[in-house]
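# Observations on chain architecture
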Amino acid sequence: YSVRFTEQDRFIPQLYIKVENEWNYIRMRMGDNLDAGKNWAPFVYNNEVYFVHEISPFRVVKLEGDVVYSVFEKALPAEIQPLDSYPSLRGGCNGLDIGNGLVVGFGHDNYAATRDAIKHRPFGWTVDMANQNVDIINVEYEWDNQYNIIDPTAFYEKDGQYYLMTCETEYAWHIDRQ
């Protein structure tokens, strides 16, 4: 899954599928008059593709053909950031169905005094798909303070152990040569 950006179309969500040695993609369309946005968190539940579309409000959408439709939405208060007027809790990496209808994933918070002083840190989220309940989990970890941007990029399980991968940079991504 990725989002492409153009000035004309703005955010364009795409799902890439590998068939044998060839990559194909589906340009997803938005149902329910939703804005595409970015930072979606894909996950598979009951062999169907879903996404956490945004964190505040917490919205789960489902892919049907090439269109995504809202499945449910829960109010989830978050501080509004003055730089972009968007909630401080934002999406991140994929989620994983860990059983019994529970999906776990990670997002990042976004706090900024100025455009050049943005700070991101991961947080966890859980979705109980059977009951449509959502929880946000503070990640207690000593992150390296050398890096202002720490974004979750992948969450996976291997040999019974779960791993979270992050992208870490000293400064906001619009600053070159770091």
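First, a word on what this report is: a plain description of the structure on this page. (Residues numbered from 1 in each chain as written. Predicted model: local features only at pLDDT ≥ 70, side-chain atom pairs only at ≥ 80, totals over all residues. Heavy atoms only, no water.)

### Looking at the packing of aromatic side chains
Pairs of aromatic rings are described using the distance from one ring centre to the other and the angle between the two planes. Short version of the rule: Two rings belonging to Phe, Tyr or Trp (six-membered ring only in the last case) form a pair when the distance between their centres is within 6.5 Å. Interplanar angles under 30 degrees mark stacking, angles over 60 mark edge-to-face geometry, and anything in between is tilted. Under the scheme applied here, a residue whose accessible area is under 20% of the maximum for its type counts as buried, over 50% as exposed, and between as partly exposed, the area being computed with a 1.4 Å probe on protein chains only. Numbering of helices and strands runs from the N terminus; a helix is a DSSP stretch of H or I covering at least four residues, while a strand is a stretch of E covering at least two.
Tallied over the full model, the rule gives 13 aromatic pairs. Considering the side-chain rings of Tyr-45 and Tyr-50, the 6.1 Å spacing of their centres and the 65° angle between planes classify their relative orientation as edge-to-face. No difference in accessibility class separates Tyr-45 from Tyr-50, as the two residues are buried. For the pair Phe-106 and Phe-155, a centre-to-centre distance of 5.0 Å together with 75° between the ring planes defines the contact as edge-to-face. Of this pair, Phe-106 sits in strand S13 (residues 102-112) while Phe-155 sits in strand S16 (residues 149-158); the two residues are 49 residues apart in sequence, bridging distant segments of the chain. Exposure class is identical for Phe-106 and Phe-155. Each is buried. A connected cluster of aromatic rings, assembled from ring pairs, spans Phe-43, Tyr-45, Tyr-50, Phe-58 and Trp-125.

### As for the nonpolar core
This is how the line gets drawn: By convention a nonpolar core is built from buried Ala, Val, Leu, Ile, Met, Phe, Trp, Tyr and Cys residues, the set being connected through side-chain atoms within 4.5 Å. The contact criterion used is simple: two residues touch if any of their non-hydrogen atoms lie within 4.5 Å.
Formed by 17 residues in total, the largest nonpolar core has its most connected members in Phe-43, Ile-55, Phe-58, Val-60, Trp-125, Val-127 and Met-129. Those elements giving two or more residues to this core turn out to be strand S5 (41-45), strand S6 (48-54), strand S7 (58-64) and strand S14 (118-128). When sequence neighbours within four positions are dropped, the list of residues in contact with Val-127 reads Phe-58, Val-60, Phe-72, Gly-101, Leu-102, Val-103 and Asn-133. Counting 8 residues, the second-largest nonpolar core is a separate cluster that includes Leu-15, Met-28, Leu-34 and Val-61.

### Structural notes on the sheet that holds strand S8 (residues 67-74)
Note the following rule: A pair of strands is treated as paired once DSSP finds two or more bridges between them.
The 5 strands lie next to each other as S4-S8-S7-S6-S5, forming an open sheet whose pairing is mixed. With one partner strand each, in any of the chains shown, strand S4 (29-30) and S5 form the two edges of the open sheet. As judged from the 4 bridges shared by S6 and S7, these two strands associate in the antiparallel manner. Bridging across to S7, Val-52 finds its partner in Val-60.

### Quick look at the state of the cysteines
The following threshold applies: In what follows, a disulfide is any cysteine sulfur pair within 2.5 Å.
The final tally for this structure, using the stated rule, is 0 disulfides. With no disulfide partner, Cys-93 has as its closest neighbouring cysteine sulfur the one in Cys-167, 12 Å distant. Its relative accessible area of 2% is what places Cys-93 among the buried residues. On the basis of relative accessibility, which here comes to 28%, the residue Cys-167 falls in the partly exposed class.

### Here's the deal with the sheet that holds strand S3 (residues 22-27)
Using the following cut-off: Helix axes are fitted to C-alpha atoms over the stretch in contact, other axes to C-alpha atoms as well, and angles between N-to-C directions run from 0 to 180 degrees.
The strand order across the open sheet built from 3 strands is S1-S2-S3, with neighbouring strands paired in antiparallel fashion. Taken across any chain shown, the strands that pair with only one partner, and hence form the sheet edges, are strand S1 (2-6) and S3. The average angle at which neighbouring strand axes cross in this sheet is 40°, direction not considered. Two elements, strand S2 (residues 10-19) and S3, share 6 bridges in a ladder whose sense is antiparallel. Following the sheet pairing, Gln-14 is matched in S3 by Arg-27.

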